[in-house]
Each structure stands twice: as C-alpha cells, then as structure tokens.
Amino acid sequence: MARELHAQFALRADHLDLADLPEVAYQVTLGVDRVLTGRLTPPRRTSAGR
C-alpha cells in the first residue's frame, strides 16, 4: 500500500487534490488486490461485469 501511495504522490507532483482521492483509492485497491491474489495486471472489465 505504501508503494502505491508513494507512486501516486510522484505522479501528482507530491500534491493530492480532493478530486484525486477516488482515483488514488482505486489504484491503491488494485495494488492490494494484485498482492493478495498474485496477479500482475488488474482484471479486465467485461460487459457482463457492468
């Protein structure tokens, strides 16, 4: 989680706006999911998953 937060801060020039928080939270969630499931890439969304 810390690595993903660090990466998000770097991508956003060490500044997070309130509007960025949902995207940052999503990216952190994907990072945690990758660690827990052992996946290297996020799952693909399909039309059935909408």
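Heads up: the structure comes first, above all this text.
Below or above, wherever it landed, is the structure these notes cover. Owing to the predicted nature of the structure, the values given are computational and were not obtained by experimental measurement.

## Remarks on helix H2 (residues 21-37)
Part 1 of the argument: The terminal C-alpha atoms of H2 lie 24 Å apart, and with 17 residues this matches the ideal 24 Å at 1.5 Å per residue to within 8%.
Part 2 of the argument: Three or more residues of H2 are buried, namely Val24, Gln27, Val28, Leu30 and Gly31. Down the axis of H2, the buried side of the element spans an arc of 155°, and every buried residue falls inside it. H2 presents Pro22, Thr29 and Leu36 as exposed residues on the side facing more than 90 degrees away from its buried surface.

## So, the layout of surface pockets
Leftover empty space is mapped by rolling, across the atoms, a probe with the size of a water molecule.
Part 1 of the argument: Approximately 160 Å³ is the volume found for the largest pocket.
Part 2 of the argument: What lines the largest pocket is Met1, Arg3, Glu4, Val28, Gly31, Val32, Arg34, Val35 and Leu36.
Part 3 of the argument: At the level of secondary structure, the elements contributing two or more residues to the lining of the largest pocket comprise helix H1 (2-11) and H2.
Part 4 of the argument: For the lining of the largest pocket, the element with the most residues is H2, which contributes six residues.

Each value, and the rule that gives it
Residues numbered from 1 in each chain as written. Predicted model: local features only at pLDDT ≥ 70, side-chain atom pairs only at ≥ 80, totals over all residues. Heavy atoms only, no water. Helix = DSSP H or I, 4+ residues; strand = E, 2+ residues; numbered from the N terminus. Expected span 1.5 Å × (residues − 1). Buried < 20%, exposed > 50% of the residue type's maximum accessible area, 1.4 Å probe, protein only. Arc of directions from axis to C-beta. 1 Å grid on protein atoms, 1.4 Å probe; cavity = no way out; pocket = protein on both sides within 12 Å on 5 of 7 lines; lining within 4 Å. Points joined across faces, edges and corners; volume = space filled by probe spheres on them.

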